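In case you want the letters, here they are:
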Amino acid sequence: MKFVLSYSCGKDSTLALHKMLEQGHEPVGLLVMVNQEAGRSWFHGVDPELLEEISRSLGIPLIPCPSTGEEYHLVMEEGLRRAKELGAQAAVFGDIDIEEHAQWCRGRCEAAGLEGVFPLWQRDRKENAREILALGYQCVMKCVRNDALPQEMLGKVLDDSLLRQMESLGIDVCGENGEYHTIVLGGPIFHTPVPYTCGEILDFGNISAMDIRLAKE
């Protein structure tokens, strides 16, 4: 089956992609919602240059979808239609168990005439987090919610030690409720690791984000 991935660059969408490829399905593109005002991807804040390098390393073309906030759903539906024109039969999402999110995704798929596929649906959250580490993916901590996790975690590569620290703080180690976000920059489905540098920490109220950029020679 040909599919388009709703891609945040984070660990869950990457694990969903891994599982689809493992099953022999063929990706036609990475659909990335872009905050038109900020010039970065929504929620994870990945800049265009780093997005392009991730796409190149994965060998899957980007389908960037610039949006303000108000027409987000319409822009995504248009992006899904573009993917359908490229041969996609389904759209794949990394959602795990929040039904409201899944219903929203299914609505966008229905409008575009695609099937919605959720490879991680109803899997144990801790199992997801530990599996992507066991597979060897390099998940860099990009954002934290300040009322949940310390800023000192930003820029670190997710590992068992960080997961144990999250558990000790009573935090969902999968971050499904927005406690943290990652960018995956290397692992089994990447042709080469994506070189990166960590810059300053940017504060947005209760959210803090590490400015992660493509490393230049």
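This text follows the structure it describes.
Residues numbered from 1 in each chain as written. Predicted model: local features only at pLDDT ≥ 70, side-chain atom pairs only at ≥ 80, totals over all residues. Heavy atoms only, no water.

*Asks:* For this particular structure, what's the right way to read the state of the cysteines?
*Replies:* Taken as a whole, this structure holds zero disulfides when the rule is applied. Free cysteine: C9, not disulfide-bonded; nearest cysteine sulfur from C143 at 11 Å. C9 sits in the buried class, given a relative accessible area of 0%. Free of any disulfide, C139 has its nearest neighbouring cysteine sulfur in C174, separated by 10 Å. (Disulfide = S-S within 2.5 Å. Buried < 20%, exposed > 50% of the residue type's maximum accessible area, 1.4 Å probe, protein only.)

*Asks:* How do you make sense of the packing of aromatic side chains when you look at a structure like this?
*Replies:* Two aromatic rings, taken as a pair, are described by how far apart their centres are and by the angle between their planes. With the rule as written, the count across this model stands at six aromatic pairs. The positively charged end of R106 is found above the aromatic ring belonging to W121, 5.9 Å away from the centroid. (Phe/Tyr/Trp six-rings, centres within 6.5 Å; stacked < 30°, edge-to-face > 60°. Lys NZ or Arg CZ within 6 Å of the ring centre and 35° of its normal.)

*Asks:* I keep staring at the pattern of salt bridges and nothing clicks. Help me out?
*Replies:* Should their charged atoms come close, side chains of opposite charge can pair. Under the defined criterion, the tally for this structure stands at 19 salt bridges. Between E53 and R56 there is a salt bridge, with the nearest N and O atoms lying 2.7 Å from each other. In this pair, E53 and R56 are both assigned in helix α2 (residues 48-58), three residues apart and thus about one turn of the helix distant. A salt bridge links R123 to E131; its shortest N-O distance comes to 2.5 Å. (Salt bridge = Lys/Arg side-chain N within 4 Å of Asp/Glu carboxyl O. Helix = DSSP H or I, 4+ residues; strand = E, 2+ residues; numbered from the N terminus.)

*Asks:* What is the right way to look at the side chain of R108 in this model?
*Replies:* As for its position among the elements, R108 is in helix α4 (residues 99-112). For R108, the contacting residues outside a window of four places in its chain are H73, M76, E77 and L80. (Contact = heavy atoms within 4.5 Å.)

*Asks:* Is there a simple way to explain the side chain of E176 in this structure?
*Replies:* Checked against the element boundaries, E176 lands in the loop between α6 (160-168) and β8 (180-184). No salt bridge forms around the buried E176; measuring N to O, its nearest opposite-charge neighbour R125 is 5.3 Å away. Only 3.3 Å separates the side chain of E176 from the backbone nitrogen of I96, close enough to count as a polar contact. In this structure E176 touches D12, D95, I96, D97, I98 and R125, once residues within four positions along its chain are discounted. (Lys, Arg positive; Asp, Glu negative; His and termini not counted. Polar contact = N/O pair within 3.5 Å; in protein donor to acceptor, adjacent residues only side chain to side chain.)

*Asks:* Looking at this structure, I do not really get unusual backbone geometry. What am I missing?
*Replies:* With glycine set apart, most residues show a phi of negative sign, and most peptide bonds adopt trans. The backbone of C9 sits at a positive phi, close to 80°, despite the residue not being glycine. Looking at where C9 falls in the secondary structure, it is placed in the loop between β1 (2-6) and α1 (11-22). Positive phi outside glycine occurs at Q122, with the angle close to 65°. Residue position: Q122 is located in the loop between β6 (115-117) and α5 (125-134). Look at Q122 and you get exposed, because its relative accessible area is 55%.

*Asks:* Explain α5 to me, please; I cannot follow it from the model alone.
*Replies:* Since one α-helical turn is 3.6 residues long, residues separated by three or four positions face the same way. Burial in α5 covers these residues: R125, N128, A129, I132 and L133. Along the long axis of α5, the arc covered by the buried residues comes to 130°, so they all point the same way. Its buried side turned inward, α5 meets α1, β7 (139-145) and α6. Structurally, the start of α5 carries an N-cap: the backbone nitrogen of K126 is 3.1 Å from a side-chain oxygen of D124. Following α5 by one or two positions, G136 has its phi on the positive side, about 95°. (Arc of directions from axis to C-beta.)

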